[in-house]
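Remarks on the overall topology
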2 protein chains.
Amino acid sequence: MRGRNQRKPVAPPGISDAEWKVMNVFWDRGPSTLREVVESLESGSDWKPRTVQTLIRRLVTKGALSVEELGREFRYTPVFSQADCQLDESRSFLGRVFDGRLVPFLAGMVESEKIPQEEIEALRRLLDEAEKRQSPSE
Amino acid sequence: MRGRNQRKPVAPPGISDAEWKVMNVFWDRGPSTLREVVESLESGSDWKPRTVQTLIRRLVTKGALSVEELGREFRYTPVFSQADCQLDESRSFLGRVFDGRLVPFLAGMVESEKIPQEEIEALRRLLDEAEKRQSPSE
DNA sequence: ATCCATAGATTACAAACGTAATCCATGAGG
DNA sequence: CCTCATGGATTACGTTTGTAATCTATGGAT
């Protein structure tokens, strides 16, 4: 069991709903042991520690977490950045539900959710930046 | 707290990946028979007709499609609007992946995808509208 | 030295999913 | 009338997911 899954696949693996909750803890805390994750999850989920362990193990198998021995426990570390996985999910979501198109997605959101004013402004700033980056002042 | 809530049977049921492809056909075409759906899917999937039939049946069981007899075939009709289901999925996606926050989602998108200029403008217009709708006249 | 809490490994087990095949009835074609 | 393609119903079957329990080894407490 020395250095079992250490090579990094090129793409983030499919991460399920429950697994996302676990990965989010790792991305928040960085490398962590099972116990640390269980504690972090105590507020916000009613999973038994065994359940968390199962999810972690599956994430290791999938190549989403790497393992390193740390005394008698293991310490797990995310293999992919949160941003990479988020992007991956975003693409797959948009593809599945909105035929890959961003505009209808945002249209639905602003139409049905109340977006607070500051958020609207933040979104606008994002668009400004994107525009600048893409047409570099010419 | 009014708003126009429609009394559909319930809320849109969970629709799986494969099922979305089928539902999208119904939303495009309106009420359709199995054969029509199979034909519509011919380009863009390599599913056997049986597979499509299974997916349709599951969607009926889930309450996402209603059935009506039409000669010796059945005609299936979406029970929920595409917009309702899209909204449902959007919320669940944002919750799972972005802690429910829209801004980081869009940040990731504009940072990693090249959004065409017209889309940026369309998105901006959406924000303008949202703003107007939410502060009718301050 | 003994016993327990706990970690990891193994096993469980049903529901949902992807992807059909088989069985049965029937309308269309010969 | 007999045959066949096709629709619906039933059945299939491996995989993934959610949610753990049991088994085994061991470091810490007594």
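Overview of the structure. (Residues numbered from 1 in each chain as written. Chains lettered and ligands numbered in written order. Predicted model: local features only at pLDDT ≥ 70, side-chain atom pairs only at ≥ 80, totals over all residues. Heavy atoms only, no water.)

1. As for the overall build of chain A
Looking only at helices and strands, chain A has six helices and two strands in total. Secondary structure elements in chain A, listed N-terminal to C-terminal, are α-α-α-β-β-α-α-α. Out of the 138 residues in chain A, the part that is buried amounts to 40%. For chain A, contacts bridging at least 24 residues in sequence account for 56% of all contacts bridging at least 6. (Helix = DSSP H or I, 4+ residues; strand = E, 2+ residues; numbered from the N terminus. Buried < 20%, exposed > 50% of the residue type's maximum accessible area, 1.4 Å probe, protein only. Contact = heavy atoms within 4.5 Å.)

2. As for the protein's contact with DNA strand D
Of all residues adjacent to DNA strand D, which total 24 residues, the nearest are Ser16(A), Thr51(A), Thr54(A), Arg50(B) and Gln53(B). For DNA strand D, the backbone portion of the atoms within 4 Å of the protein, that is sugar and phosphate, comes to 52%. Looking at the surface near DNA strand D, its residues break down into six nonpolar, four polar and 14 charged. (Near = heavy atom within 4 Å. Nonpolar A, V, L, I, M, F, W, Y, C, P; charged D, E, K, R; others polar.)

3. A look at the relation of the copies chain A and chain B
For these two chains of identical sequence, chain A goes onto chain B by a turn of 180 degrees and a shift of 0.0 Å along the axis, with RMSD 0.1 Å. In short, the pair behaves as if placed about a two-fold rotation axis. Looking at the rotation axis and the C-alpha trace of chain A, the residue lying nearest is Arg124(A), at 3.4 Å. Interface residue correspondence from chain A to chain B reaches 100%, placing this contact among same-surface, isologous pairings. (Least-squares fit on C-alpha atoms with pLDDT ≥ 70 in both.)

4. A closer look at helix H2 (residues 34-42) of chain A
Each α-helix winds once per 3.6 residues, and so residues spaced three or four apart point in a common direction. All names here are of chain A. Inspection of H2 places Val37, Val38 and Leu41 among the buried residues, and these make up the whole buried set. One side of H2 carries all its buried residues, which in axial view fall inside an arc of 100 degrees. Each element contacted by the buried residues of H2 is listed here: helix H1 (17-29) and helix H3 (49-62). Looking one or two places after H2, you find Gly44, whose phi comes out positive at around 115 degrees. (Arc of directions from axis to C-beta.)

5. Describing the interface of chain A and chain B
Accessible area lost when the parts come together is the quantity often used to give the size of an interface. Opposite the 40 residues of chain A that make contact, chain B presents 40 residues. Approximately 4,000 Å² of surface area, both sides summed, lies buried where chain A meets chain B, with 65% of it carried by carbon and sulfur atoms. Linking chain A with chain B are 10 salt bridges. Ionic pairing is found between Asp128(B) and Arg124(A), a salt bridge with its closest N-O pair at 2.8 Å. Put simply, chain A and chain B have 16 residue pairs in polar contact (both at pLDDT 80 or more) between them. Elements represented by at least two residues in the side of chain A that touches chain B include exactly H1, helix H4 (82-98), helix H5 (102-112) and helix H6 (117-134) of chain A. Looking at the side of chain A that touches chain B residue by residue, the class counts come to 20 nonpolar, seven polar and 13 charged. (Buried area = accessible area lost by both parts, 1.4 Å probe. Salt bridge = Lys/Arg side-chain N within 4 Å of Asp/Glu carboxyl O. Polar contact = N/O pair within 3.5 Å; in protein donor to acceptor, adjacent residues only side chain to side chain.)

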